[in-house]
Every structure is written in C-alpha cells, then in structure tokens.
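# Structural description and commentary
One-letter residues, chain by chain:
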Amino acid sequence: MSAEIIYGSELAKTIRQEMKEEVKTLRQNGIVPKLVVVLIGDDPASKSYVAGKQKAADFIGIESELIALPSQTTQAELLALIDQLNHNEEVNGILVQLPLPDQINEQSVIEAIHPDKDVDGFHPINIGKMLTQQKTFLPCTPYGILTMLKSKNIELKGKHAVIIGRSHIVGKPVGQLLLNEDATVTYCHSKTKDIETFISMADILIVAVGRAHFVKGDHIKPGAVVIDVGVNRIADGSLTGDVLFDEVKEKAAYLTPVPKGVGPMTITMLMKNTIQAAREAAK
Ligand code: GUN
C-alpha cells in the first residue's frame, strides 16, 4: 500500500482563491481586513515565515503591515505598541511573531493583545473558548491540520488520535480540536515511556516534536493517517519532517509531506482568522 499524500500547498491555494473572492465582496461593502505583524530581531526562520504571511495577505487582498523592531526592544516598548494597535480601529488582527528575545515575557505579550484581535488564538480567553467549543479564533496550525483532515473526509469520531509533542502552539490545541471532533486522544511527549507502543496504536498520528525522522515506518499501524508538523533543517541544507517519509508512506493510508504540507495551511488559516476578525469588528 502507498499512502495518499495530502498536499497542504494545493488545498491552501484553493482556500486562498476563495478568500480572495470573499475579500473582494467585503471591500465592496467598505470592510478592509487588516493584519499587523510584529517581528522583533532578525531570526532568519522568523523572517521567512513573516514574508510568507505578507505574500498570502497580498494575494488575498488583506491589508498587511509589518512592524520590524530591533532585538533589544524592551517589553514596555512592545506592550505600548500593542496597546496602540488594540485601540486602532483599522487593525483587525495583531500577530507578534514568536519566539521573542529573552528580555520579553512571552505570556505578558500574548495576554496584552485584545482577544478580538488575537488571530493566533493564543490568548487564554480564546484558548478557554476553544476548550468549551465556543466560537473563537482557532490556533492556526491545529486549525490547518483539521481542515486538511476534513478536506479528505477522514472520519475522526471514535478514532484513536495520538499526538506526539505538547507545545502550546501545536500539540495541546490540536489534541483539543480532535477531542471536540469525538476522537479519543492520547498525548505523548519527551517523558512518555515506550512511545513506540502508543505510535503503533494511532489511527491518526500527529507528529510535532521537531526531530528529523523521529517516526519510522515500522511503528505505524497499517492504514493510519499521519500528519507531519516538523520542519527540520538537516546536514545537506534541505528541510525535512519529523516522519521518515519514504518508510511511512508504505504503511499509512494518508500522509502529509514536508515541505508543501502543514506549513502553507498554517498561513492560510491565519488569513481566515483575520477575515473573521474583520467581519466581527464590522458587526
Ligand atoms: N512562531 C512559530 N509559529 C508561530 C505562530 O503560529 N504564531 C506566532 N505568533 N509565532 C509563531
């Protein structure tokens, strides 16, 4: 058996085209969605993500502004900027690119962003709403993963979803979203004993550990759905996932590639959240 590959890049293209039409109509009604991205310092990975966001926004017709600040920016300066953006009615979404330099407390920044402009879905109020299944901004990577699964009509109800990794950005929230879809969810992490046993029990396996080729083919339950969230740069300079693609492809029913998998969907869902924020603000 050879897995069907789920190309997030293709699905992202379709959804972005739909959003472009949607924004055209919104603009005709005087609603201009606007996203502000704040980038502190000059980490090359962060710069490249931010560039991808700008490009997607331009294509869709979302106004986007990049505020690039030096790495020695203080927490007080950043909080003052966020306060100003919170009060600016033209701004619908605020995204502060993580990670932040050591002198700035990440949680204080996340909590400073007004929940109605928190298009990352990281504010505790929005996390609480996600847990209790109220309408909110879903965190972009988990939302993208769910959209990929739904695009293939993959049944989630009653399935055993195993999440490898418990980060606040991916692991924890993707488990919650799958639980909300009636999956049975197991979280594994760096302290989990005998992790291969859990991997081999997964109907749906989400891997977000940041270790190249962590999951091998012989661990996979035949017919599993495998979502690879890892982006690792290896010795030859290329990007690769947390899953050993060529091996897992022979066991799984569905598999996402790296690149062209989850990454483009994360950015797409950020745009979706920004449009949602603009619609809500116009009500
Ligand atoms: N850094 C890596 N992923 C993300 C994300 O989804 N949002 C923000 N703000 N920073 C990130």
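Keep in mind it's a predicted model, so treat the numbers as computed, not measured.

### Some points on the overall build of the protein
- Broken down by element type, the protein carries ten helices and eleven strands.
- The globule rule puts the C-alpha radius of gyration for 283 residues at 19 Å, and the 19 Å found for the protein is close to it.
- Referenced to the eigenvectors of the C-alpha coordinate spread, the extents of the protein come out at roughly 55 × 40 × 40 Å.
- When the 283 residues of the protein are sorted by exposure, 50% land in the buried category.
- At a minimum sequence separation of 6, the contacts of the protein that also span at least 24 residues come to 70%.
- Just so you have it, the protein exposes about 13600 Å², and 52% of that area is on carbon and sulfur atoms.
- For the protein, the distance from the average site of its 30 positive side-chain charges to the average site of its 34 negative ones is 4 Å.

### Quick look at the sheet that holds strand β3 (residues 63–69)
- On the basis of which strands lie adjacent, the open sheet formed by three strands has the order β3-β2-β4 and parallel pairing. Sheet topology places β3 and β4 (93–96) at the edges, where each strand pairs with a single neighbour. The average undirected angle you get between the axes of adjacent strands in this sheet is 15 degrees.
- The sheet contact formed by strand β2 (residues 34–40) and β4 spans four bridges and is parallel. Opposite Val-37, over in β4, you have Leu-95 as the bridge partner.

### Structural notes on the environment of Ser-238
- Mapping Ser-238 onto the fold places it in the loop between β9 (232–233) and β10 (239–240).
- When the C-alpha positions of Ser-238 and Thr-268 are compared, they lie 23 Å apart, and in sequence the two are 30 residues distant.
- With residues up to four places along the chain from it excluded, the contact list for Ser-238 reads Asn-232 and Arg-233.
- Among the polar contacts listed, one links the side chain of Ser-238 to the side chain of Asp-236, at a separation of 2.6 Å.

### Thoughts on the environment of Gly-171
- Residue placement: Gly-171 occurs in helix α7 (residues 171–180).
- Placed 98 residues apart in sequence, Gly-171 and Met-269 show a C-alpha to C-alpha distance of 17 Å.
- Here Gly-171 is in contact with Ile-163, Gly-165, Arg-166 and Tyr-187, once residues within four sequence places are set aside.

### With respect to the sheet that holds strand β1 (residues 4–5)
- Strand order in the open sheet formed by six strands is β1-β11-β8-β7-β5-β6, with parallel pairing between adjacent strands. Both outer strands of the open sheet, β1 and β6 (184–188), are each paired with one neighbouring strand and no more.
- With five bridges connecting them, strand β5 (residues 160–164) and β6 associate as parallel partners. Pairing of Ala-161 across the sheet is with Val-185, part of β6.

### Section: the packing of aromatic side chains
- With the rule as written, the count across this model stands at zero aromatic pairs.
- Just above the ring of Phe-59 sits the side chain of Lys-20; from NZ or CZ to the centre is 4.2 Å.

### A word on the packing of helix α1 (residues 8–28) against helix α10 (residues 262–282)
- Direction vectors running N to C along α1 and α10 enclose 20 degrees, while the axes themselves pass 9 Å from each other. As summarised for this structure, α1 and α10 are arranged roughly parallel, according to the angle between their axes. Classified by chirality, the crossing of α10 by α1 is left-handed. Residues Gly-8, Ser-9, Leu-11, Ala-12, Ile-15, Arg-16, Met-19, Glu-22, Val-23 and Leu-26 of α1 touch α10, and the partners they reach there are Pro-264, Met-265, Ile-267, Thr-268, Met-271, Lys-272, Ile-275 and Arg-279.
- In the contact of α1 with α10, the residues fall into eleven nonpolar, three polar and four charged.

### Re the site of the ligand
- Taken together, Leu-95, Val-96, Gln-97, Leu-98, Asp-120 and Phe-122 are the residues near the ligand.
- A distance of 2.9 Å separates a nitrogen atom of the ligand from a polar atom in the backbone of Leu-98.
- Between the ligand and Asp-120, the relevant distance is 2.7 Å, taken from a nitrogen atom to a side-chain nitrogen or oxygen of the residue.
- For the ligand, whose accessible area on its own is 280 Å², the fraction buried by protein is 82%.

### What to know about helix α3 (residues 75–87)
- Over its 13 residues, α3 runs 18 Å from end to end, which matches the ideal 18 Å to within 8%, given 1.5 Å per residue.
- In this structure, the buried side of α3 is in contact with β2, β3, β4 and α4 (106–112).

Rules behind the numbers
Residues numbered from 1 in each chain as written. Predicted model: local features only at pLDDT ≥ 70, side-chain atom pairs only at ≥ 80, totals over all residues. Heavy atoms only, no water. Helix = DSSP H or I, 4+ residues; strand = E, 2+ residues; numbered from the N terminus. Rg over C-alpha atoms; globule rule 2.2 N^0.38 Å. Buried < 20%, exposed > 50% of the residue type's maximum accessible area, 1.4 Å probe, protein only. Contact = heavy atoms within 4.5 Å. Areas by Shrake-Rupley, 256 points an atom, 1.4 Å probe, with all protein chains shown as cover. Lys, Arg positive; Asp, Glu negative; His and termini not counted. Charge placed at Lys NZ, Arg CZ, Asp CG, Glu CD. Pairing = 2+ DSSP bridges. Axes fitted to C-alpha atoms, helices over the stretch in contact; angles between N-to-C directions. Polar contact = N/O pair within 3.5 Å; in protein donor to acceptor, adjacent residues only side chain to side chain. Phe/Tyr/Trp six-rings, centres within 6.5 Å; stacked < 30°, edge-to-face > 60°. Lys NZ or Arg CZ within 6 Å of the ring centre and 35° of its normal. Parallel < 35°, antiparallel > 145°, perpendicular 65-115°, else oblique. Left-handed = near helix turned anticlockwise from the far one by under 90°. Nonpolar A, V, L, I, M, F, W, Y, C, P; charged D, E, K, R; others polar. Near = heavy atom within 4 Å. Expected span 1.5 Å × (residues − 1).

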